[in-house]
Amino acid sequence: MAIGLLLTAGVLAVSVLGDGHGYPVLVRARELVFWALGCYLGIRVFTHVLLDPLLSHWRTSTPGFARDLVVVALYLGAAIFLLHRSVGVNLGTLMSTGAIAAAVVGLSMQETLGNLFAGISMSLSPAFRVDDWVEVTGNLRGSSGQENFIGRVDAMTWRTVQIITENGDTTILPNRIIAQAVVTNLYAPSGLHRRTFKVVIAPHDAMAATLAALEQALGGIPHYPNRKPEVRTHSFDMGGVVLELRFWALGFRHGRAANYQAVRLTQTVLNRLEVPLLGPHGPTPTWTDPVVLRDGAMEDILERFGLPREWAPELKEGVVLRRAEPGEGVIREGDPGASLFLVMAGTLQAVKAVERFEPYTGLFWEVIGELGQGAWFGEGSLLTGAPRRATVVAVTACELVEVPKAAFERVLRSAPHLVEGLVELKESRSGHLSDLTRTANRRDLARAEIKRWFGL
């Protein structure tokens, strides 16, 4: 609409001015209107057809800023052309006068121009964008030392970059300071950010079991299946073993929240295993609150698997009583397993990781099932040794009965006919057998799989 109105105004102006015979001023005015209209239309066509698609393809962090700079330069060039074409201003004189003026302005506005050109550089070749979390390291306040600054990019202008810290404060850094600093983009290229922290524990014989228990517990932190938390022995310090705990989070802010959860779970698991932390003043004391098997739990297990009640004492010797704190992982999808669990108290959830951007960018658990008191999970791994099919995380403080494979082996070896009860359980809980052709004997396949797993 604006272009149409401008064309109409230009046509009316030319028609009013007429041919201008005998009136040089009118001729010059008509030429000025004609060339001004042509320059304007040329610039508009250039920006919409070439400039805007090009900047969109580059995906610059501030496309409006870069576009405005180019458009201003085009309009300045058009103004110079019009002065020369219609008014007769000598370009050489104009350029020499402009060079002197530019030198004077440059000397008086060094810092401003430095910010401007640094902003142009960051705009055309963006290392970060608005909403990215960045770590800036350098001489940020003019002091002699190096500073480290972390925050979320809130805005980028021709002069400054505005960064909001985790505390909600806004820090404004000039573009030239950013250009001279070392900037680490904590969101590039995927937004995944690995967090690590270390603890020192007392040496003990069951170190492998401790590492496995910590990894299992940290599985309660939302993560992709191919980015599971890891715990490794790192070094020695203060007469103890340094453990490095590593996990991946989506987004820096989400990583900080996950770090707090990881510290809490680490302290809880080490205390439960009676493994003291080591510090400058020696080992920290540990305490345990043993889990008591509730009445009727063994009878529920025997009934579940179709086993005689008189085998309760023998099976009881093989079960493991466990606790789980809120946010603690109990089993992880894809992990090997050879046990099942009975929930004696508390609530757990079967979950999978999903990306969300509210209330902030991060990985969050999407609930696919609830497990309350009396619920069972993990039968597939117990019966066949198959990998865990879901991740289960404690929602509240829980008490669990873990029934490992070894607890069943002794019973099944003495009474192989009881395998039929396990076949019925597998048929009711597993869905992958339904994918077989109808001619296949499902029960025979399930029976053979269970017998092979238990060595019968």
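Residues numbered from 1 in each chain as written. Predicted model: local features only at pLDDT ≥ 70, side-chain atom pairs only at ≥ 80, totals over all residues. Heavy atoms only, no water.

A. Highlighting the nonpolar core. Counting 22 residues, the largest nonpolar core has M298, I301, V401, V403 and F408 as its most contacted members. Among the secondary structure elements, those contributing two or more residues to this core are α9 (297-304), α10 (312-316), β13 (339-345), β18 (398-404) and α12 (405-414). Among the nonpolar cores identified, the runner-up in size contains 20 residues, and F197, L218, F247 and L270 belong to it. (Core = buried A, V, L, I, M, F, W, Y, C linked by side-chain atoms within 4.5 Å. Buried < 20%, exposed > 50% of the residue type's maximum accessible area, 1.4 Å probe, protein only. Helix = DSSP H or I, 4+ residues; strand = E, 2+ residues; numbered from the N terminus.)

B. Just unusual backbone geometry, in detail. Although it is not a glycine, M238 adopts a positive phi angle of roughly 55°. With respect to the helices and strands, M238 occurs in the loop between β7 (230-237) and β8 (240-250). For M238, a relative accessible area of 41% puts it in the partly exposed group. Positive phi values are uncommon outside glycine, yet E274 reaches one of about 60°. Relative to the elements of secondary structure, E274 occurs in the loop between α8 (252-272) and β9 (278-279).

C. Region of the structure containing the sheet that holds strand β5 (residues 182-185). Taking strand neighbours across the sheet as the criterion, the five strands line up as β4-β3-β2-β1-β5 in an open arrangement whose pairing is antiparallel. The outermost strands of the open sheet, each flanked by one partner alone, are β4 (170-174) and β5. Shown here is a sheet whose adjacent strand axes are inclined to one another by a mean of 40°, direction ignored. Examined bridge by bridge, strand β2 (residues 147-156) and strand β3 (residues 160-164) share four bridges and lie antiparallel to one another. Along β3, the bridge assignment pairs V153 with I163. (Pairing = 2+ DSSP bridges. Axes fitted to C-alpha atoms, helices over the stretch in contact; angles between N-to-C directions.)

D. Structural context of the packing of aromatic side chains. Summed over the entire model, instances satisfying the criterion amount to two aromatic pairs. Ring geometry for F341 versus F377: centroids 5.0 Å apart, planes at 10°, classification stacked. With a gap of 36 residues between them, F341 in strand β13 and F377 in strand β16 (residues 376-377) connect regions that are remote in the sequence. On the accessibility criterion, F341 (1% relative accessible area) is buried. For F377, a relative accessible area of 5% gives the class buried. (Phe/Tyr/Trp six-rings, centres within 6.5 Å; stacked < 30°, edge-to-face > 60°.)

E. Geometry of helix α7 (residues 207-218). Between its first and last C-alpha atoms α7 spans 17 Å; for 12 residues at 1.5 Å apiece the expected length is 16 Å, and the two agree. Taken residue by residue, α7 has M207, T210, L211, L214, E215, A217 and L218 as its buried positions. Within α7, the buried residues cover an arc of 165° as seen down the axis, which keeps them to one side. (Expected span 1.5 Å × (residues − 1). Arc of directions from axis to C-beta.)

F. Structural detail: the pairing of strand β1 (residues 133-138). Bridge count for β1 against β2 is six bridges, and the pairing is antiparallel. Following the sheet pairing, W133 is matched in β2 by R152. Both β1 and β5 contribute to a ladder of four bridges, which runs antiparallel. The residue bridging V134 from the neighbouring strand is N185, located in β5.

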